[in-house]
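# Summary of structural features
The chain contents come next:
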Amino acid sequence: MKKEIIRTDKAPKPGGSYSQAVKLSDMVYVAGTCPFDLVTGEVLFPGDIVRQTHVVLEYMEQILQAAGTSLEHVVKVTSFIDELNDFAAYNEAYAEYFTVEPPARSTVEIVKFPPGMRVEIECIAYIPS
């Protein structure tokens, strides 16, 4: 098995020594995706967890498409949010993207994100044959 690094200009570039995603066989592992502007790198919609969730999942969809799959084929999500008291608002936005047979998910509260950032999401998906 050979791993393939997945890159797209339709999602934020990695800010460190990691890849947007790695494809191995029929699986895709997407790194934590953040609500950063593609040009400036600044946090989009500072403080707005709903809009940031939408942005992050749209970016994630672009990464998955670059790998040959989609949100429909996500099997596991890990979400990091800055305030569990806002879980309901985050969850409502998230649920718009996973309406049928949602993936397994863990949600973790993070103590410190960059200023204005509320959410980061990573996932594992399969590539249908």
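What you see with strand β6 (residues 119–126) is a clean split: Val-119, Ile-121, Cys-123 and Ala-125 sit on the buried side and Glu-120, Glu-122, Ile-124 and Tyr-126 on the side with no burial. Note: strand β3 (residues 27–33) against β6, five bridges, orientation antiparallel. Note that in β6 the partner of Tyr-29 across the bridge is Ile-124. The pairing of strand β4 (residues 74–81) with β6 spans seven bridges and is antiparallel. Looking across to β6, one finds that Lys-76 is bridged to Ile-124.

Along the chain, Val-22 falls in strand β2 (residues 21–24). Take Val-22: its relative accessible area is 23%, and that puts it in the partly exposed class. Along the backbone, Val-22 and Cys-123 are 101 residues apart, and their C-alpha atoms lie at a distance of 11 Å.

To continue, consider the nonpolar core. The biggest cluster of nonpolar side chains holds 27 residues, and the ones touching the most others in it are Val-30, Met-60, Leu-64, Val-74 and Ile-121. Elements that contribute at least two residues to this core include exactly β3, α1 (49–67), β4, α2 (87–95) and β6. By residue number, the principal contributor to this core is α1, which donates nine residues. Setting aside residues up to four positions removed in sequence, Val-30 forms contacts with Gln-20, Ala-21, Met-60, Ile-63, Leu-64, Glu-122 and Cys-123. Ranked by size, the runner-up nonpolar core spans five residues in total, among them Cys-34, Val-43, Phe-80 and Phe-113.

Thresholds, definitions, all that
- Residues numbered from 1 in each chain as written.
- Predicted model: local features only at pLDDT ≥ 70, side-chain atom pairs only at ≥ 80, totals over all residues.
- Heavy atoms only, no water.
- Buried < 20%, exposed > 50% of the residue type's maximum accessible area, 1.4 Å probe, protein only.
- Helix = DSSP H or I, 4+ residues; strand = E, 2+ residues; numbered from the N terminus.
- Pairing = 2+ DSSP bridges.
- Core = buried A, V, L, I, M, F, W, Y, C linked by side-chain atoms within 4.5 Å.
- Contact = heavy atoms within 4.5 Å.

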